[in-house]
Amino acid sequence: HFPADPSGATGPTDALVYALEYDASGTLWLGLNSGLNRMVGGKFVGYRYDPSNRKGISSDTVRNIFADSRGRLWLGTVGGGLMRYEAETDTFAHFTKRDGLPHNMVRSILEADDGSIWIGTATGLGVVGLDGTSFRGYSVFNDLKDRDFHTGAWKASDGSLYFTDPPFGLPGFH
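These remarks concern the structure in this document. (Residues numbered from 1 in each chain as written. Predicted model: local features only at pLDDT ≥ 70, side-chain atom pairs only at ≥ 80, totals over all residues. Heavy atoms only, no water.)

**Structural notes on the packing of aromatic side chains**
Thinking step 1. By the definition in use, this model includes seven aromatic pairs.
Thinking step 2. Taking 5.5 Å as the distance between ring centres and 70 degrees as the angle between the ring planes, the aromatic pair formed by F2 and F44 counts as edge-to-face. One end of the pair, F2, is in the segment before β1 (17-22); the other, F44, is in strand β4 (residues 43-47), and 42 residues separate them in sequence.
Thinking step 3. We classify F44 as buried; its relative accessible area is 6%.
Thinking step 4. An aromatic cluster of at least three residues, connected via ring pairs, comprises W29, Y47, Y85 and F92.
Thinking step 5. The positively charged end of R63 is found above the aromatic ring belonging to Y18, 4.2 Å away from the centroid. (Phe/Tyr/Trp six-rings, centres within 6.5 Å; stacked < 30°, edge-to-face > 60°. Helix = DSSP H or I, 4+ residues; strand = E, 2+ residues; numbered from the N terminus. Buried < 20%, exposed > 50% of the residue type's maximum accessible area, 1.4 Å probe, protein only. Lys NZ or Arg CZ within 6 Å of the ring centre and 35° of its normal.)

**Overview of the sheet that holds strand β7 (residues 82-86)**
Thinking step 1. If you trace the four strands from one edge of the open sheet to the other, you get β5-β6-β7-β8, paired in antiparallel fashion. Of all strands in the sheet, those with a lone pairing partner are β5 (62-67) and β8 (91-95), marking the two edges. Averaged over all pairs of adjacent strands, the angle between their axes in this sheet comes to 25 degrees, without regard to strand direction.
Thinking step 2. Bridge count between β7 and β8: five bridges; the pairing is antiparallel. (Pairing = 2+ DSSP bridges. Axes fitted to C-alpha atoms, helices over the stretch in contact; angles between N-to-C directions.)

**Description of the pairing of strand β3 (residues 35-40)**
On a regular strand, each side chain points to the face opposite its neighbour's, so the side chains alternate between the two faces of the sheet.
Thinking step 1. Pairing between strand β2 (residues 28-32) and β3: five bridges, direction antiparallel. Opposite L28, over in β3, you have M39 as the bridge partner.
Thinking step 2. Hairpin connection of β2 to β3: two residues between the antiparallel strands.
Thinking step 3. As defined by bridge partners, β3 adjoins β4 across five bridges and the pair is classed as antiparallel. Residue M39 lies in a different strand from β4, and its bridge partner there is F44.
Thinking step 4. The turn linking β3 back onto β4 is made up of two residues, and G41 within it adopts a positive phi angle of 60 degrees.

**Quick notes on the pairing of strand β9 (residues 106-111)**
Thinking step 1. Counting buried residues in β9 gives six out of six residues, a clear majority hidden from the surface.
Thinking step 2. With five bridges joining them, β9 and strand β10 (residues 117-121) adopt antiparallel strand pairing. For V106, the partnering residue across the bridge sits in β10 and is T121.
Thinking step 3. Linking β9 to β10, which pair antiparallel, is a turn of five residues; within it G115 sits at a positive phi near 95 degrees.

Here it is in structure tokens:
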């Protein structure tokens, strides 16, 4: 049990943890209501949003963390879009509506069998190409029955991806 500790010395810097994920090196990451933590040597290293730091986290609320098959760590935020952790520099690449993401509120992240990354957002779905930087968006305006893809998402054994879409059910993509 790790109670919250704002210093990060003995616990996460916030008590409200939305997401947990291990990266390729075995480091535990925590998506928080007020920032992002990673556990290093029994201590919690914190990241907070700073608008002057263009390579820092893009939002203080990190709701989704996903480690893909290539060892990349993807993070979904509330209002700051999608981030990819750059381990070599301890920085973050940012992807927002400006880059083709349907909305800056990311609700889910999954990987398809071909290695593309699918992003459920508040106004549709986005797909990150195999290069890790190109986007294709699907929205209610051009491709989907509904637009709001909540946190429920999973990959079926046949490779199909499903995203919850109340009240319309579970749209699937293959």
